[in-house]
Amino acid sequence: MSVETPVPRSEATGTAAEAGAGATARFRANKTSEAASSRERVAHLAGRLVKAINDTVLEEKVSYAEYNALKAWLIKVGEDGEWPLFLDVWVEHSVEEVANENRHGSKGTIEGPYYVPDSPAQETPATLPMRDDEPGTPLLFQGHVTDVDGVPLPGAKVEIWQADDLGFYSQFAPGLPEWNLRGTVLADNEGHFQINTIRPAPYQIPTDGACGQLIAAAGWHAWRPAHLHLKVSAPGAQLITTQLYFPGDPHNADDIASAVKPELMLGVQDREDGPGRVTTYDFRLDPEA
Ligand code: MBD
Ligand code: FE
């Protein structure tokens, strides 16, 4: 499939509103925002945000027609359940940059809207849950989890979630088994892991929802390059949330979510001992704060 070919969204693939509702429900189940900030901090941050909007209106001489278009669009973002998608695509990268600025180990990047905790656990070597006839190029993803000095971390855990060969995530698109291409892999005593999966397809922001509408209206493109999502952790180490990318993807250089970093590019080779491809990536985890 060419990455520029939009996947038609249908009864088979689901709608933006269905994916959005799923992501919104998932967010509500995962997260709490209680006591995230003091009253002073709320006043400061909310004040700055409101001022940034007003400054834009005044400097750009925004019209009533434009203001009403914005209002209608914001209402639709909520109706489509696309607040998680919107925020994770256009804002989370800056939050992640701030959150991880003092790390010395492996680079992180954004989590995105489609993480589900407590995926089925397996010991290495593992094969992710997938359909008997799962389409796509087989991929062996392997590596080593160490501390920042390269000392192996026993008890390391590699959580992985990814799109399938059409760019769809289980639990957010219809027709996929619950845990398809999601798993928690326990590394061996030296932190080594091997995970059999398939190469994910690039991801297109749904064209039929509010975010897709904005992208079309602005003449932007809607693509994220193909990626694996990961959360890697070990006792005594800081968990890292990251993504890994595949060389040659046309959108590595202009990811709509601004989440690609050069350190996150995989090296992928043909497998000599079996079908498909193999890639090795080592994680160095910062010590627990
Ligand atoms: C994705 O798969 C993703 O990783 C992000 C960040 C946003 C939308 C879809
Ligand atoms: Fe993703």
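Please read these numbers as outputs of a predicted model, since none were measured by experiment.

J.: I'm lost on the packing of aromatic side chains in this one. Help?
T.: Both the distance between ring centres and the angle between the ring planes are used here to describe each pair of aromatic rings. Within the structure shown, the criterion is met by 13 aromatic pairs. Centre to centre, the rings of Phe-193 and Phe-283 are 6.1 Å apart; their planes meet at 35°, and the pair counts as tilted. Within this pair, whereas Phe-193 is found in strand 6 (residues 192-198), its partner Phe-283 is found in strand 13 (residues 283-285), the two being separated by 90 residues in sequence. Take Phe-193 and Phe-283: they sit in the same class, and that class is buried. Ring pairing ties together the aromatic residues Trp-73, Trp-83, Phe-86, Trp-90 and Trp-220, which thus form one cluster.

J.: Would you take a moment to explain unusual backbone geometry for this structure?
T.: Working note: non-glycine residues mostly have negative phi, and peptide bonds are mostly trans. Residue Pro-125 is bonded to the preceding Thr-124 through a cis peptide linkage, with omega at -5°. Structurally, the position occupied by Pro-125 is in the loop between strand 1 (121-123) and strand 2 (126-127). Here the phi dihedral of Gln-171 falls at roughly 75°; this positive angle occurs in a residue that is not glycine. Assignment of secondary structure puts Gln-171 in the loop between strand 4 (157-162) and strand 5 (182-186). Phi angles above zero are rare outside glycine, and Ser-258 is one such case at about 50°. Structurally, the position occupied by Ser-258 is in the loop between strand 10 (240-245) and strand 11 (268-270). On the basis of relative accessible area, Ser-258 is assigned to the partly exposed category, the value being 43%.

J.: Explain the site of ligand 1 here, please?
T.: Every residue lining ligand 1 is accounted for by Leu-85, Val-89, Ile-110, Gly-112, Pro-113, Tyr-114, Tyr-169, Tyr-203, Arg-224, His-227 and His-229. At 2.9 Å from an oxygen atom of ligand 1 is found a side-chain nitrogen or oxygen belonging to Tyr-169. Within the side chain of His-227, one N or O atom sits 3.2 Å away from an oxygen atom of ligand 1. Considering ligand 1 on its own, with 260 Å² of exposed area, one finds that the protein chains cover 100% of that surface.

J.: What am I meant to see in the coordination of the iron ion (ligand 2) here?
T.: Any two of four tetrahedral donors ideally make an angle of 109.5 degrees at the metal, while pairs among six octahedral donors ideally make 90 or 180 degrees. Each protein donor to the iron ion (ligand 2) is listed here as Tyr-169 (OH), His-227 (NE2) and His-229 (NE2); together their distances run 1.9 to 2.1 Å. Going along the chain, you hit the donors of the iron ion (ligand 2) in the pattern Y-x57-H-x1-H. Taken as a pair, Tyr-169 in the loop between strand 4 and strand 5 and His-229 in strand 9 (residues 227-233) lie far apart in primary sequence, 60 residues in all. Given the relative accessible area of 4%, His-229 is considered buried.

Conventions adopted
Residues numbered from 1 in each chain as written. Chains lettered and ligands numbered in written order. Predicted model: local features only at pLDDT ≥ 70, side-chain atom pairs only at ≥ 80, totals over all residues. Heavy atoms only, no water. Phe/Tyr/Trp six-rings, centres within 6.5 Å; stacked < 30°, edge-to-face > 60°. Helix = DSSP H or I, 4+ residues; strand = E, 2+ residues; numbered from the N terminus. Buried < 20%, exposed > 50% of the residue type's maximum accessible area, 1.4 Å probe, protein only. Near = heavy atom within 4 Å. Polar contact = N/O pair within 3.5 Å; in protein donor to acceptor, adjacent residues only side chain to side chain. Areas by Shrake-Rupley, 256 points an atom, 1.4 Å probe, with all protein chains shown as cover. Donors = N, O, S within 2.8 Å, 3.2 Å for Na, K, Ca; no water.

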